[in-house]
Amino acid sequence: MRRTVGLRFGAALAVAALAGAAGALLPAPEASAAAAGATGFATQNGGTTGGAGGQTVRATTGTAIHAALCGRAGSSTPITIQVEGTINHGNTGKVSGTSCSTAAGVIELKQISNVTIVGVGGGAVFDQVGIHIRDSRNIVIQNVTVRNVKKSGSPTSNGGDAIGMESNVRNVWVDHVTLEASGGESEGYDGLFDMKDNTQYVTLSYSTLRNSGRGGLIGSSETDTSNGYVTFHHNLYENIDSRAPLLRGGIAHIYNNHYRSLNESGINSRAGARAKVDNNYFEDSKDVLGTFYTDAAGYWQVAGNIFDNVTWSAREGDHNPAGPNPQSNTTVGIPYSYTLDAAGCVPDVVSRTAGADKGLRVSDGDCTPQTPDPTPTPTPTPTQPSGTNLSIGAGSDGSSKADGTSYGNVRDGNTSTYWSPAGPTGSVSIKWGSPTAVSRVVIREATGSAGAIGSWRLVNADTGAVLTSGSGAGVISFARTSLQKITFEITGSTGTPRIAEYETYAG
């Protein structure tokens, strides 16, 4: 009997339940900053650095992620968004702005560049909410889990793709993520990692893809062959029916991956695609390499792979497996340097490195996982604008305050005092006796409270107009405005926010 995703997913749940009942120790999520650098084809075409060099903000909701994108000075202003908690339909709303184009129910990275999204702290889970990258470049996604994204049923998101890229996308590095579903197309799911309509220079590394009918594709049809230059390395594909991945045209480099329980087919190279397939470990699977479901042939160069309990079907019609003794039928040049782990150690090294919340561990190329040098999670630290802090000597008020704090503590030039709202939200204002021109604000959090501020709005209290919105403390720039009162509204937070200084500057 064919081992369907649904049946095997149920078995996986049972194993997890037994482990929980037995008190098994599971790896604790670790806070991490983005790793040092991309690998594979994402290093080409100018490289992939994401939001390096830009502001770092914290987000605990999907709306806050969108607000951070929309709060940038421009659509290419670098930003790193640290995500913690569960992102779902209830907290993922559309945010408007000149530097973004977002939508509710999906994390929309559309017509933007230079962005990093990285899970930190207790972990980041995108629950039934997909990540959509469109008309964008230089994107890094790291250390997050995306699960149960549906294209049919309720709720739906991102066409059913966990991570989907389309329409002139360039330079994306997806690293140490977990992408998972709970079944196949009949259960409402589509692909875990899809690229189409001219998507190029992508790397998927140290990630886990499991419990899905479709692992992912490059090219949406036999004529969509403008995609390619994609690297897959040190990933675990587990309990996948097919498309691990499906390649239509283009070039893929596939090395040091562990494939376990590919139920119908695995790497499907077709429509002229060329794949370099090195030192992978295929286990308990069927037809793991070939051209399937089409008469438009694809090609492969193979070396060093291990086939452990792999079964091969006979070649017939549009079903052309490469085995039982796969041989190269093309050559593929790789323009970047890389080090191969021996195929025999791939199951072990991948089990200790692949997926979210693994501490961003990587292989040293000699089958030994390595933990990156300790790097503290960067705290959003504002740089001092030039000029005079206009808050000193000004007035202040707000909507709420906790016991023992004062609105005046945010404008006294003393970072050891602070204002704190009575709850997770609240507002504090700076006001002057006559109109004052302001174009920049700096919000400094009190010691020990860094990262508590989530989403916020900066409001012209004279008119009620929103000057800008975003998430996390730091430097806030906006169009120069003359006003008598400017209000910082905290609309979401993690823990208790504490503002040590609310500085205002003319320029």
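Treat the numbers as computed from the prediction; the structure is a model and nothing was measured.

**With respect to the pairing of strand 9 (residues 169-175)**
Reasoning step 1: Along strand 9, seven of the seven residues are buried, which leaves the element largely enclosed by surrounding structure.
Reasoning step 2: Judged from the six bridges that link them, strand 9 and strand 12 (residues 199-205) form a sheet pairing that is parallel. Each residue of the ladder has a partner; that of V174, found in strand 12, is L204.

**A look at the nonpolar core**
The nonpolar side chains of a soluble globular protein tend to be buried with one another.
Reasoning step 1: Ranked by size, the top nonpolar core spans 68 residues in total, and within it F126, F193 and F232 carry the most contacts.
Reasoning step 2: Considering every element that reaches this core, the biggest residue donor is helix 2 (residues 62-70), with six residues.
Reasoning step 3: When neighbours within four sequence positions are excluded, F193 is seen to be in contact with I163, M165, V174, L179, V202, L204, L209, G215, G216, L217 and F232.
Reasoning step 4: Formed by 22 residues, the second largest nonpolar core is a distinct cluster that contains L458, A473, I486 and F488.

**A look at the environment of Y336**
Reasoning step 1: Its location among the elements puts Y336 in the loop between strand 25 (319-321) and helix 3 (346-351).
Reasoning step 2: Taking C-alpha positions, Y336 is 41 Å from N91, a pair spaced 245 residues apart along the chain.
Reasoning step 3: If near-sequence neighbours (up to four positions away) are discounted, Y336 is found in contact with G40, F41, T43, Q44, T231 and H253.
Reasoning step 4: Of the polar contacts made by the side chain of Y336, one reaches the side chain of H253; its length is 2.6 Å.

**Here we look at the pairing of strand 6 (residues 137-142)**
Consecutive side chains along a regular strand alternate between the two faces of the sheet.
Reasoning step 1: Judged by how many residues are buried, strand 6 sits mostly within the fold: five of six residues are covered.
Reasoning step 2: Of the pairings in the sheet, the one linking strand 4 (residues 113-127) to strand 6 comprises five bridges and is parallel in character. Bridge pairing in strand 6 links V115 to I139.
Reasoning step 3: Bridge count between strand 6 and strand 9: five bridges; the pairing is parallel. Opposite I141, over in strand 9, you have V174 as the bridge partner.

**Some words on the packing of aromatic side chains**
Reasoning step 1: Across all of its chains, the model carries 13 aromatic pairs by this definition.
Reasoning step 2: Between Y201 and Y229, the aromatic rings sit 5.0 Å apart at their centres with planes inclined by 10 degrees, giving stacked as the arrangement. In this pair, Y201 is assigned in strand 12 and Y229 in strand 14 (residues 228-233), connecting sequence segments 28 residues apart.
Reasoning step 3: By relative accessible area, which is 32% here, Y229 ends up partly exposed.
Reasoning step 4: Look at F292 and Y293: their rings are 6.1 Å apart centre to centre, the planes differ by 50 degrees, and that puts the pair in the tilted class.
Reasoning step 5: Classification of F292 as buried rests on a relative accessible area of 0%.
Reasoning step 6: Counting every residue linked through ring pairs, the aromatic cluster contains F41, Y201, Y229, Y255, Y336 and Y338.

**Here's the deal with unusual backbone geometry**
Reasoning step 1: In this structure, P155 follows S154 across a cis peptide bond, with omega equal to -5 degrees.
Reasoning step 2: Its location among the elements puts P155 in the loop between strand 7 (145-147) and strand 8 (163-166).
Reasoning step 3: Look at the link from G323 to P324: it is a cis peptide, with omega at 15 degrees.
Reasoning step 4: Topologically, P324 is positioned in the loop between strand 25 and helix 3.
Reasoning step 5: The phi dihedral of S167 falls on the positive side, at around 70 degrees, and the residue is not glycine.
Reasoning step 6: With respect to the helices and strands, S167 occurs in the loop between strand 8 and strand 9.
Reasoning step 7: Judged by its relative accessible area of 10%, S167 falls in the buried class.

**Topic: the state of the cysteines**
Reasoning step 1: Under the counting rule described, the total for this entry stands at two disulfides.
Reasoning step 2: Through a disulfide, C345 is tied to C367; the S-S separation comes to 2.1 Å. Between C345 and C367 the disulfide shows an S-S torsion of about -75 degrees. By sign, it is left-handed. One end of the pair, C345, is in the loop between strand 25 and helix 3; the other, C367, is in the loop between strand 26 (362-363) and strand 27 (369-370), with 22 residues separating them in the sequence.
Reasoning step 3: Here C345 falls in the buried class, since its relative accessible area comes to 15%.
Reasoning step 4: If one numbers only the bonded cysteines of the protein chain, in the order they occur, the disulfide pattern is 1-2, 3-4.

**Focus: helix 2**
Reasoning step 1: Buried residues dominate helix 2, accounting for eight of its nine residues.
Reasoning step 2: By the burial criterion, the buried members of helix 2 are G62, A64, I65, H66, A67, A68, L69 and C70.
Reasoning step 3: The secondary structure elements touched by the buried residues of helix 2 are strand 1 (55-59), strand 2 (79-87), strand 3 (107-110), strand 4, strand 30 (455-460) and strand 31 (465-471).

About the criteria used
- Residues numbered from 1 in each chain as written.
- Predicted model: local features only at pLDDT ≥ 70, side-chain atom pairs only at ≥ 80, totals over all residues.
- Heavy atoms only, no water.
- Buried < 20%, exposed > 50% of the residue type's maximum accessible area, 1.4 Å probe, protein only.
- Helix = DSSP H or I, 4+ residues; strand = E, 2+ residues; numbered from the N terminus.
- Pairing = 2+ DSSP bridges.
- Core = buried A, V, L, I, M, F, W, Y, C linked by side-chain atoms within 4.5 Å.
- Contact = heavy atoms within 4.5 Å.
- Polar contact = N/O pair within 3.5 Å; in protein donor to acceptor, adjacent residues only side chain to side chain.
- Phe/Tyr/Trp six-rings, centres within 6.5 Å; stacked < 30°, edge-to-face > 60°.
- Disulfide = S-S within 2.5 Å.

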